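Listed below, chain by chain, are the residues.
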Amino acid sequence: LSSTADLETTKQEVIFNTKQAYYSVLSAQRLLGVAEETVQQNQKHLEEAQARFEVGVAPRFDVTQAQVQVSTAALSRVEAQNNVALGFETLRRALGQDEPLQVTLPDQLEHRPVSVLEDTIVQNAYARRPELESLKAQQRASSEQVSALQKQFLPSVSGMAQYNWTGREPPLQEGWMWGVTLTVPLFDSILTTSQLGEAQALLRNLQAQEDNLRQQVTLEVRQGLLSLRRAEESIRVNEQTVIQARENLDLAEGRYAAGVGNIIEVTDAQVSLTSAQANNIKALYDYKTALAELEKAMGSPLE
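Keep in mind the model is a prediction, meaning the values are calculated, not measured.

Q: Lay out the overall build of the chain in plain terms, naming residues and giving numbers.
A: Helices and strands together make up the secondary structure of the chain, namely 6 helices and 2 strands. Order of helices (α) and strands (β) in the chain, N terminus to C terminus: α-α-α-α-β-β-α-α. Considering the chain as a whole, with its 303 residues, one finds that 34% of them fall into the buried category. Here the analysis covers contacts within the chain between residues at least 6 apart in sequence; of these, 78% occur between residues at least 24 apart. Accessible surface computed for the chain: about 18800 Å², of which carbon and sulfur atoms make up 54%.

Q: Account for helix α2 (residues 60-95), with residues named and values stated.
A: Across its 36 residues, α2 extends 53 Å between first and last C-alpha, which sits within 8% of the 52 Å expected from 1.5 Å per residue. Following α2 by one or two positions, Gly96 has its phi on the positive side, about 75 degrees.

Q: Mind laying out the environment of Glu144, listing which residues take part and the relevant values?
A: Summarising the element assignment, Glu144 is placed in helix α4 (residues 130-151). Note: C-alpha distance between Glu144 and Ala199 (55 residues apart in sequence) is 9.7 Å.

Q: For the confidence of the model for the chain, give the residues involved together with the corresponding values.
A: Put simply, the chain has an average pLDDT of 84, and 86% of its residues get 70 or more. Considering each helix and strand of the chain separately, the mean pLDDT is smallest for strand β2 (residues 173-183), with a value of 65, and largest for α2, with 94.

Q: Explain the environment of Thr289 to me, and be specific about the residues and the numbers.
A: Considering the arrangement of structural elements, one finds Thr289 in helix α6 (residues 263-298). Separated by 267 residues in sequence, Thr289 and Tyr22 have C-alpha atoms that sit 9.9 Å apart. Not counting chain neighbours up to four residues away, the residues in contact with Thr289 comprise Phe16, Gln20 and Tyr23.

Q: So what about the packing of α2 against α6? Which residues, and what values?
A: Where α2 contacts α6, the two axes come as close as 10 Å, and the packing angle between them is 15 degrees. With respect to α6, the axis of α2 lies roughly parallel. Pair α2 / α6 crosses with right-handed handedness. Every residue of α6 that contacts α2 at Phe61, Asp62, Gln65 and Gln69 is listed here: Ile263, Ile264, Thr267 and Val271. Residue composition of the contact of α2 with α6, by class: 4 nonpolar, 3 polar and 1 charged.

Q: How would you explain α6 if you had to name every residue and give the values?
A: In a regular helix each residue adds 1.5 Å, so 36 residues correspond to 52 Å; α6 covers 52 Å between its end C-alpha atoms and thus fits that length. Here α6 starts with a cap whose side-chain oxygen sits 3.0 Å from the backbone nitrogen of Ile264, and that cap is Asn262. Looking one or two residues past α6, Gly299 carries a phi angle of roughly 85 degrees, positive in sign.

Calculation rules
- Residues numbered from 1 in each chain as written.
- Predicted model: local features only at pLDDT ≥ 70, side-chain atom pairs only at ≥ 80, totals over all residues.
- Heavy atoms only, no water.
- Helix = DSSP H or I, 4+ residues; strand = E, 2+ residues; numbered from the N terminus.
- Buried < 20%, exposed > 50% of the residue type's maximum accessible area, 1.4 Å probe, protein only.
- Contact = heavy atoms within 4.5 Å.
- Areas by Shrake-Rupley, 256 points an atom, 1.4 Å probe, with all protein chains shown as cover.
- Expected span 1.5 Å × (residues − 1).
- pLDDT = per-residue confidence, 0-100.
- Axes fitted to C-alpha atoms, helices over the stretch in contact; angles between N-to-C directions.
- Parallel < 35°, antiparallel > 145°, perpendicular 65-115°, else oblique.
- Left-handed = near helix turned anticlockwise from the far one by under 90°.
- Nonpolar A, V, L, I, M, F, W, Y, C, P; charged D, E, K, R; others polar.
- Polar contact = N/O pair within 3.5 Å; in protein donor to acceptor, adjacent residues only side chain to side chain.

The structure is reproduced here in structure tokens:
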């Protein structure tokens, strides 16, 4: 039973590492999408600045500023592409595959609220964590060993009986033979005492390990809950920030097109939007990772 529980612990660790690598790839792919959009937006700003400069309603600075933003966005896109490739390599390793992954991953980087009660999931974690099951199995084996050693201090009684025939010539004499043996362990008591002390010490150590592991499980579950709630709040704030940043960019682009704004306002608004989008993706990644960590701490998926 202990080895089975240990195998389950390893299995859950592999599942968590695979989920984390999977969400990392999804996050990298979404960030690449943001980088692509940013390049396109900055290219549009450059074209507009170039057109305004050619008709003499914008300074050369607007063009060079837009060119810098295009170059910066292009470098960010290259980095995002590299991060996607690295993410797939990490996922490949987590899956234990030798060949490169040539698959299209379903995008499940989304926020689906779950209802959890702290006291309930802590108790469920106590019941389902394979590490605790392993320690309990070891305690049962150790307790049985202690009981067996304690019995060796007690006298033992054994008996025998047989019916046989004796004599050299017929008729043979027949009858019962029986006996009783009393064994008192006088000379083995020193060795048994030593073995019993060792077994009892092992049992106490296993019990202390269980108490410590229960405290660790409680901490992991509560930390997982806090991380989950923080990520949910971060998602809510960042989603609103993305909306506001996009509206701000639209306003800045409109002001520039009308000749009452400047290129700095546009580039600043674009940077703010890109940052808000990246933060929102990170919040979603943190949420999914926190959910996976909580399930690992519980020892089972959330229903």
